[in-house]
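# Understanding the architecture of this molecule
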Amino acid sequence: MGKQLLSGNEAIALGAWEAGCKVGTGYPGTPSTETLENLVQHKEVYCEWSPNEKVALEVGIGSSLGGVRTLVTMKHVGLNVAADPFMSVTNTGVGAGLVLLVADDPSMYSSQNEQDSRNYAAFARVPALDPSDSQEAYEFAKRAFEISERFDTPVLLHETMRIAHTRTMVEAAGERVEPKQLDYESQPSKYVMMPAFAVGRTEATNKREDALVEYAETCDLNRVEMRDTKVGVICAGALYNHVREALPNASVFKVGLSWPLPPKRLAEFAASVDHLYVVEEACRYFRDHVAAMGIKLEEPPASPLPRSGEIFPADIRASFGVEQPAHLNAATDLPPRPPAFCAGCPHRLVFCELRRMKAIVTGDIGCYTLGAVAPYKSVDSVIDMGASLSMDHGMELAGVSERTGRPVVGVIGDSTFAHSGITSLLGTAYNGGKGTLVILDNRTTAMTGTQGNPVNGITLSEQGARISPLVDPQDKPSVLDRPAGHALDLPALCRAIGVDEVIEANAQSLAEVRDALKTATSHADLLSVVIFKAPCRLVDRTKKAMPVIRDCRRCGRCVQIGCPALGKDETGHAVIDPTQCVGCGQCQQVCPFGCIQSE
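Below, the discussion takes up the overall build of the protein. What the protein contains, in helices and strands, is 22 helices and 22 strands. Taking the principal axes of the C-alpha coordinates as reference, the protein spans close to 75 × 65 × 55 Å. For the protein, with 599 residues in total, the buried portion stands at 54%. The contacts of the protein with a sequence gap of at least 6 include a subset with a gap of at least 24, amounting to 75%. With the model as given, the accessible surface of the protein reaches about 25700 Å², and the carbon-plus-sulfur share is 53%. Of the charged side chains in the protein, 57 are positive and 72 negative; the average position of the first set lies 4 Å away from that of the second.

Throughout the structure, instances matching the rule amount to seven aromatic pairs. Geometrically, the ring pair formed by Tyr285 and Phe286 is edge-to-face, given 5.3 Å between the ring centres and 65° between the ring planes. The residues Tyr285 and Phe286 share a single accessibility class, namely buried. Among the aromatic side chains, those forming a connected cluster through ring pairs are Phe341, Phe351 and Tyr376.

The next point concerns the packing of helix H18 (residues 414-430) against helix H20 (residues 490-497). Following both chains from N to C, one finds H18 and H20 inclined at 30°, their axes separated by 9 Å at the closest point. With respect to their mutual orientation, H18 and H20 come out roughly parallel. Read as a crossing pair, H18 and H20 show a hand that is right-handed. Residues Phe417, Ile422, Leu425, Leu426 and Ala429 of H18 pack against Leu490, Leu493, Cys494 and Ile497 of H20. Residue classes in the contact of H18 with H20 are distributed as nine nonpolar, no polar and no charged.

A few words now on the confidence of the model for the protein. In this model, the protein carries an average pLDDT of 92, and 97% of its residues clear a pLDDT of 70 or more. In this model residues 465-474 is a low-confidence stretch, pLDDT under 50, and it forms 22 contacts with partners more than four residues away in sequence or in other chains. Note that pLDDT drops below 50 for residues 476-480; the model gives that stretch 12 contacts with residues more than four away or on any other chain.

This part covers the environment of Glu114. Of note, Glu114 is situated in the loop between strand E5 (98-104) and helix H6 (118-124). Separated by 194 residues in the primary sequence, Glu114 and Ser308 have C-alpha atoms spaced 7.9 Å apart. Ignoring anything within four residues of it in the chain, the contact list for Glu114 reads Asp105, Pro106, Ser107, Met108, Ala282, Ser308 and Gly309. A polar atom in the side chain of Glu114 sits 2.7 Å from the backbone nitrogen of Ser107. There is a polar contact of 2.7 Å between the side chain of Glu114 and the backbone nitrogen of Gly309.

This next bit is on the nonpolar core. Judged by nonpolar contacts, the single largest core of 75 residues is most densely connected at Leu39, Leu71, Phe86, Leu129 and Ile234. What Ile234 contacts, discounting residues up to four positions off in sequence, is Phe253, Val255, Leu266, Phe269, Leu276, Tyr277, Val278, Val279, Val290 and Leu297. If you look at the next biggest cluster of nonpolar residues, it comprises 61 residues, including Phe341, Leu517, Val529 and Ile531.

Attention shifts here to the sheet that holds strand E18 (residues 527-533). Pairing in this open sheet of five strands is parallel, and the strands run E14-E15-E16-E18-E17 from one edge to the other. The sheet terminates laterally at strand E14 (360-362) and strand E17 (501-506), the two strands that pair on one side only. Averaged over all neighbouring strand pairs, the angle between strand axes comes to 25°, with direction disregarded. Sheet topology places E17 next to E18; six bridges connect them, and they run parallel. Looking at E18, one finds that Val502 is bridged to Val529. Here helix H16 (residues 387-397) sits on the sheet and contacts E14, strand E15 (408-413) and strand E16 (435-441); the angle it forms with E15, its principal contact strand, is near 170°.

Mapped onto the fold, Asn52 is located in the loop between strand E3 (46-49) and helix H3 (53-65). By relative accessible area, which is 12% here, Asn52 ends up buried. A distance of 3.1 Å separates a polar side-chain atom of Asn52 from the backbone nitrogen of Lys54. With residues up to four places along the chain from it excluded, the contact list for Asn52 reads Tyr27, Val81 and His419.

Scoring rules and cut-offs
- Residues numbered from 1 in each chain as written.
- Predicted model: local features only at pLDDT ≥ 70, side-chain atom pairs only at ≥ 80, totals over all residues.
- Heavy atoms only, no water.
- Helix = DSSP H or I, 4+ residues; strand = E, 2+ residues; numbered from the N terminus.
- Buried < 20%, exposed > 50% of the residue type's maximum accessible area, 1.4 Å probe, protein only.
- Contact = heavy atoms within 4.5 Å.
- Areas by Shrake-Rupley, 256 points an atom, 1.4 Å probe, with all protein chains shown as cover.
- Lys, Arg positive; Asp, Glu negative; His and termini not counted.
- Charge placed at Lys NZ, Arg CZ, Asp CG, Glu CD.
- Phe/Tyr/Trp six-rings, centres within 6.5 Å; stacked < 30°, edge-to-face > 60°.
- Axes fitted to C-alpha atoms, helices over the stretch in contact; angles between N-to-C directions.
- Parallel < 35°, antiparallel > 145°, perpendicular 65-115°, else oblique.
- Left-handed = near helix turned anticlockwise from the far one by under 90°.
- Nonpolar A, V, L, I, M, F, W, Y, C, P; charged D, E, K, R; others polar.
- pLDDT = per-residue confidence, 0-100.
- Polar contact = N/O pair within 3.5 Å; in protein donor to acceptor, adjacent residues only side chain to side chain.
- Core = buried A, V, L, I, M, F, W, Y, C linked by side-chain atoms within 4.5 Å.
- Pairing = 2+ DSSP bridges.

If you want it as structure tokens, here you go:
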């Protein structure tokens, strides 16, 4: 296959395919999403989006026990969702190789928090691999399956956004290994985690940990690079490249197997340098574990490294007192580019109406989180996937609406509802809860790239992902070779759960949005669900004729809906940008004077 320029996610997909992976499961979440979208293009691998990460891992555990190599993908917060089966499968062990790709997001480019997933590996006592570029992402994906089967354990393949999305050269074999499919063997004492059996499996985990520590002392995944012995740095992943750029003369202990760490090799490295430092981002994983081994670490001589966010070469130079080359200084006068709903987004009118109603909104994870920013400023909380509906019930129990005189509305998207909102709604209905819940059904998982989900019924196999240079289009799996998905009937499900009132409305019609919300919030004795339907603009790209503005009264009402196609000229009159307008008619509906007309 030769050399190719690949992102870390593409490289992992290629490595998993070459390793003989036959099943890929996951939930789309930046920065991990593209891995399965590339893996599905190989006809030898069956891939699917699961409703959430817990389900994805459980499916993966099943296929591993069934005897085939399996890759499960998720972002860091997804591992929180999958933690229950993850902590158990570490005890049971696996059948065929089971690898979890977990992608962290330092600086929270597309996440609600920062966390270092390697802490989960140490907590669960499973190996964690840390590639530093696409070549290692490809190689480590293959090694992960070997380690999984050698030590009878799931393996956590850890990456960050910088590794997932940065393209570097990869020299690949281009040949797939077809490991022998293991015959299924019933082993209740290994896989049935009742207390009597779990005790025995814990002993097996203890022995496995000892064997893994011995492996860490000798394996080539960790590497020592001796240069100037005055400074030694322990680092891993993308930060290895940043350390090499910022401190080219420093000796480096490059960690590739980040759990378990090798105590003897680290102690030897510490003894070989005058001053030993750790460079890591968003946590103290290495510092705490290395210090616990009795190895003395120092703080950088000039200033501490940032406690949060991505760490760049400039940060390392500053902390170590190294002058930053002038040509590398970042521009500081660039205008801000805040995120915004797309022109014609079906969420816009809903949040405009919630703003007008002065509603207290418990929000959720998705594009509609932007309802919290200007000009809407109508979302009061965003915690995690599915929290909007549960928190709405909690607000009801606290009597917030009665005390404030403001309606409380929980807002969730269709994919997030399938992910973890169903059980939240079930809890409210089961406990006799009342109130108003809104499901924004835009027919896709928009924020992570318009993937299918149970509500629209489009599977990953049906989508087939995008054509990749890795795969000959002739070899791309046919939709006909895969089972068709089944779309979830949202209104029927809500009624089956016990919702008192289910209202369906067109999200692109201000009159319907206003009427639906007014009806649902008008009675305190019912549990109401409003389903606003209209496809995402990334899915439905049809355009209508741009409206015209005549005799503008300069009231600014149209601009307040936050459409990127709307603005004002130097006189304060509203203007429409023809390059962005899609003719959705939202501005026309909100203009109180009829100044915006369709032609």
